[in-house]
Amino acid sequence: MENQTHAPATAEEQDFVITRVFDAPREQVFKAWTQEDSLKQWYGPKGYTLGISEFNLQPGGALHYSIQMGSGPKMWGKFVYREINSPEQLVYVNSFADEDGNITRAPFSATWPLEMLNFLTLTEQDGQTTLTLRGRPLNATQEERQTYAQGHTSMHQAFSGTMDQLAAYLAKVN
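So, here's what we can say about the structure. Fair warning: this is a prediction, and the values are worked out from it, not measured in the lab.

## Structural notes on the overall build of the chain
Phase 1: In terms of helices and strands, the chain carries 4 helices and 8 strands.
Phase 2: Put simply, the chain runs from its N terminus to its C terminus through helices and strands in the order β-α-α-β-β-β-β-β-β-β-α-α.
Phase 3: On C-alpha atoms alone, the chain measures out to a radius of gyration of 17 Å, which is about the 16 Å that the 2.2 N^0.38 rule sets for 174 residues.
Phase 4: Expressed along its principal axes, the backbone C-alpha trace of the chain runs to roughly 60 × 40 × 30 Å.
Phase 5: Summarising the internal contacts of the chain: among those between residues at least 6 apart in sequence, 50% fall at separations of at least 24.
Phase 6: A total of about 9,700 Å² of accessible surface is found on the chain, and carbon and sulfur atoms cover 47% of it.
Phase 7: Across the chain, the centroid of the 13 positively charged side chains sits 4 Å from that of the 20 negatively charged ones.

Written as structure tokens, this is what we have:
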């Protein structure tokens, strides 16, 4: 019997990927991701309120936000935009943050990556837009990459709820 070794999975094979089709033109979906007032109406887990303390949509600019359920504690996050290619793609680094915008560890895991590189891609066909969100750990240890990969199922659940909210928002404004 031969010994078989398998090369470690590439970063792309370990990516978190979620795809969703929306009944809306690509420009409208892009605006939902890139306009502060639009984001406040749908972004985040179901039942949470989005607060925005900084919104600077340009390469190197940041979105510093909080999400909060009712009067519960706020959880802070941050996007740092790398590329903005309207209306087809956003590339950004997402992190948990503190109230001042400093990158912090995830409140639920000491081994969650500090930074995740995300590629949001929009394609349109027959008036419908396909959104593909691809994310991967950035500057992460092997343990952090493993934790991220193990979190894919719960990430799918959370992002599915967020995408449901985006669909409802787009139906309302379309």
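## Some remarks on the pattern of salt bridges
Oppositely charged side chains can form a pair if their charged atoms are brought close together.
Phase 1: With the rule as written, the count across this model stands at 5 salt bridges.
Phase 2: One salt bridge in this structure joins Arg136 and Asp15, with 2.8 Å as the shortest N-O distance. Of this pair, Arg136 sits in strand β8 (residues 128-138) while Asp15 sits in the segment before β1 (16-22), and the two are 121 residues apart along the sequence. Asp15 carries the same exposure label as Arg136, and that label is buried.

## Notes on the pairing of strand β4 (residues 75-85)
Phase 1: Sheet analysis places strand β3 (residues 62-68) next to β4, joined by 6 bridges and oriented antiparallel. Bridged to His64 within β4 is Lys78.
Phase 2: The sheet contact formed by β4 and strand β5 (residues 89-97) spans 9 bridges and is antiparallel. When the sheet's bridge partners are listed, Lys78 is paired in β5 with Ser95.
Phase 3: Taken together, β4 and the strand that follows it, β5, pair antiparallel across an intervening segment of 3 residues.

Analysis parameters
Residues numbered from 1 in each chain as written. Predicted model: local features only at pLDDT ≥ 70, side-chain atom pairs only at ≥ 80, totals over all residues. Heavy atoms only, no water. Helix = DSSP H or I, 4+ residues; strand = E, 2+ residues; numbered from the N terminus. Rg over C-alpha atoms; globule rule 2.2 N^0.38 Å. Contact = heavy atoms within 4.5 Å. Areas by Shrake-Rupley, 256 points an atom, 1.4 Å probe, with all protein chains shown as cover. Lys, Arg positive; Asp, Glu negative; His and termini not counted. Charge placed at Lys NZ, Arg CZ, Asp CG, Glu CD. Salt bridge = Lys/Arg side-chain N within 4 Å of Asp/Glu carboxyl O. Buried < 20%, exposed > 50% of the residue type's maximum accessible area, 1.4 Å probe, protein only. Pairing = 2+ DSSP bridges.

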